[in-house]
Amino acid sequence: MRVVSGIQPTGNLHLGNYLGAIKQWVAMQDQCECLFFLADLHALTQPVVPAELAASTIEMAAALLAAGIDPKRSILFNQARVPAHSELAWILGGTARMGWLNRMTQWKDKAGKNREGASVGLFTYPVLQAADVLLYKASHVPVGEDQKQHLELARDIATKFNTDYGVELFPLPEPFVSKSAPRIMSLRDGGAKMSKSDPSDMSRINLIDSDELIAQKFRKAKTDAEPLPDSFDALEGRAEARNLVTIFSALADRTPQSVVEEFAGKGFGAFKPALADLAVATLAPIRDQLARMHNERAYVAQALADGAERARILAAPTLLAAKQAVGLQV
Ligand code: TYM
């Protein structure tokens, strides 16, 4: 088993990232060979402030280390430092079809009505993502549900490449979506996912939020007037309530059913403080560890440099084989 996954180094880590992806990354380090990277090349598909991109790449790497990614066990690096990602993406650009990319919901959402004005990179974004995982012949890719479509595309690209060139180069990567927290929703709108691009900071819990702010955000989270039922299925149609129960169960490593049973008949006045306490118990140690790492930027930069060197070694044979398959002289 080889595990590969990435995160864009923009904004702060939030609870959706943590429960949907990072918690799985940390757990998988014990069982598999893991590569985790900051997708700084992907960040270029939207407008960036250069100094901020550089700083937030280090900041996000520090946050991953604080959350439990161990640079000795896992290979942690930033994508731009391993040129094979860009090279393979270009090669796979010859295999991916316009029609496939046109169907990507993230492209449709992010480009909106202004497709003509969107960057070419935003359109070909999933091809680079396919290169990210195929380069290392990843078997499992732990991601939130929103990234599943991109991984299905990576499988399509791998299949077509293998068939077109008569090779068995790329195994098909398996998306590994968290069962307990596939899609954490906004605290203000149960129909929108929790996201770093939401203009309202009250919509998300950031890993750097203070204990008071976490409690305040849950207190103000949108809910309804009904008490909690005694079965999780009965929360159908109550998106905000369902989301809070999901967050509780993912944080506590309990089933959502056991959570509703505990709070059945009680209102959110009782549930929200318990949820806030649970979130603080998980997030405060990560936040405090991150704060301690503020003076250790050199350590973080060195961890990324070491990780990139190890990633380059693993990437080289696959890139060479891909070049040979398509007839590039190498
Ligand atoms: P990104 O940076 O948007 O998010 C990082 C990870 O967090 C997950 N996630 C969520 N999970 C549950 N609920 C949410 N509300 C939520 N918000 C975010 C994402 O699914 C993701 O797993 N394109 C990717 C980065 C990437 C990548 C890759 C991932 C680039 N190359 C190769 C896997 C493999 C992205 O923008 O994730």
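Describing the site of the ligand
In the vicinity of the ligand lie 27 residues, with Tyr125, Asp132, Gly144, Asp146 and Ile184 positioned nearest. Interatomic distance of 2.8 Å between a backbone N/O atom of Gly144 and an oxygen atom of the ligand. In the model, a nitrogen atom of the ligand is placed 2.8 Å from a nitrogen or oxygen of the Ile184 main chain. With the chains in place, 97% of the 710 Å² that the ligand exposes on its own is no longer accessible.

A closer look at the packing of helix H7 (residues 120-134) against helix H8 (residues 148-165)
As a packed pair, H7 and H8 sit with axes 9 Å apart at the nearest point and diverge in direction by 70°. Relative to H8, the element H7 is oriented roughly perpendicular. Where H7 abuts H8, its residues Tyr125, Pro126, Val127, Gln129, Ala130, Val133 and Leu134 lie against His150, Leu151, Leu153, Ala154, Ile157 and Ala158. Classifying every residue of the contact of H7 with H8 gives eleven nonpolar, two polar and no charged.

Some points on the nonpolar core
If you look at the biggest cluster of nonpolar residues, it comprises 60 residues, and the most contacted ones within it are Phe218, Ile247 and Phe271. Split by domain, the residues of this core number at least three in each of domain 1 (2-182 + 296-326) and domain 2 (201-292). Non-local contacts of Phe218, meaning those with residues more than four positions away in its chain, are made with Leu15, Leu187, Ile205, Leu244, Ile247, Lys272, Leu275, Ala276 and Ala279. The next biggest cluster of nonpolar side chains, apart from the first, holds 45 residues, and it includes Phe77, Leu92, Met104 and Ala118.

Comments concerning the packing of aromatic side chains
In this structure the tally under the stated criterion is ten aromatic pairs. Measuring from centroid to centroid gives 6.2 Å for Phe77 and Tyr136, while their planes differ by 65°, and the two rings are edge-to-face. Of this pair, Phe77 sits in strand E3 (residues 74-78) while Tyr136 sits in the loop between H7 and strand E4 (140-143), placing them 59 residues apart in sequence. There is no split in this pair, since Phe77 and Tyr136 are both buried. Considering the side-chain rings of Phe248 and Phe263, the 5.6 Å spacing of their centres and the 70° angle between planes classify their relative orientation as edge-to-face. Of this pair, Phe248 sits in helix H10 (residues 239-252) while Phe263 sits in helix H11 (residues 256-263), placing them 15 residues apart in sequence. Judged by its relative accessible area of 6%, Phe248 falls in the buried class.

Quick notes on the state of the cysteines
Under the counting rule described, the total for this entry stands at zero disulfides. Cys32 provides the cysteine sulfur closest to Cys34, a residue in no disulfide bond, and the two sulfurs are 5.2 Å apart.

Examining the domain arrangement of the protein
Here the domain parsing of the protein yields domain 1 (2-182 + 296-326) and domain 2 (201-292). Domain 1 and domain 2 are separated by 30 Å when their C-alpha centres are compared. Listed per partner, the contact involves 15 residues of domain 1 and 17 residues of domain 2. Summing both partners gives a buried area of about 1300 Å² for domain 1 against domain 2, and 71% of it is carried by carbon and sulfur.

Re helix H4 (residues 84-93)
Those residues of H4 that fall on the buried side of the exposure criterion are Ala84, His85, Leu88, Ala89, Ile91 and Leu92. Buried residues in H4, looked at end-on, bunch into an arc of 160°, giving them a common side. On its buried side, H4 packs onto E3, H7, H8 and helix H13 (297-326).

Description of H13
The first and last C-alpha atoms of H13 sit 41 Å apart over 30 residues, in line with the 44 Å expected at 1.5 Å per residue. Ala315 marks where H13 bends most, by close to 35°; the proline Pro317 follows one to four residues later. Listed as buried for H13 are Val300, Ala303, Leu304, Gly307, Ala308, Ala311, Ala315, Thr318, Leu319, Ala322 and Lys323. Turning to H13, the residues buried within the fold contact strand E2 (33-38), helix H3 (50-67), E3, H4, H7 and H8.

Each value, and the rule that gives it
Residues numbered from 1 in each chain as written. Predicted model: local features only at pLDDT ≥ 70, side-chain atom pairs only at ≥ 80, totals over all residues. Heavy atoms only, no water. Near = heavy atom within 4 Å. Polar contact = N/O pair within 3.5 Å; in protein donor to acceptor, adjacent residues only side chain to side chain. Areas by Shrake-Rupley, 256 points an atom, 1.4 Å probe, with all protein chains shown as cover. Axes fitted to C-alpha atoms, helices over the stretch in contact; angles between N-to-C directions. Helix = DSSP H or I, 4+ residues; strand = E, 2+ residues; numbered from the N terminus. Parallel < 35°, antiparallel > 145°, perpendicular 65-115°, else oblique. Contact = heavy atoms within 4.5 Å. Nonpolar A, V, L, I, M, F, W, Y, C, P; charged D, E, K, R; others polar. Core = buried A, V, L, I, M, F, W, Y, C linked by side-chain atoms within 4.5 Å. Buried < 20%, exposed > 50% of the residue type's maximum accessible area, 1.4 Å probe, protein only. Domains from an automatic or database assignment. Phe/Tyr/Trp six-rings, centres within 6.5 Å; stacked < 30°, edge-to-face > 60°. Disulfide = S-S within 2.5 Å. Buried area = accessible area lost by both parts, 1.4 Å probe. Arc of directions from axis to C-beta. Expected span 1.5 Å × (residues − 1). Bend = angle between axes of the 7 residues up to and from the residue.

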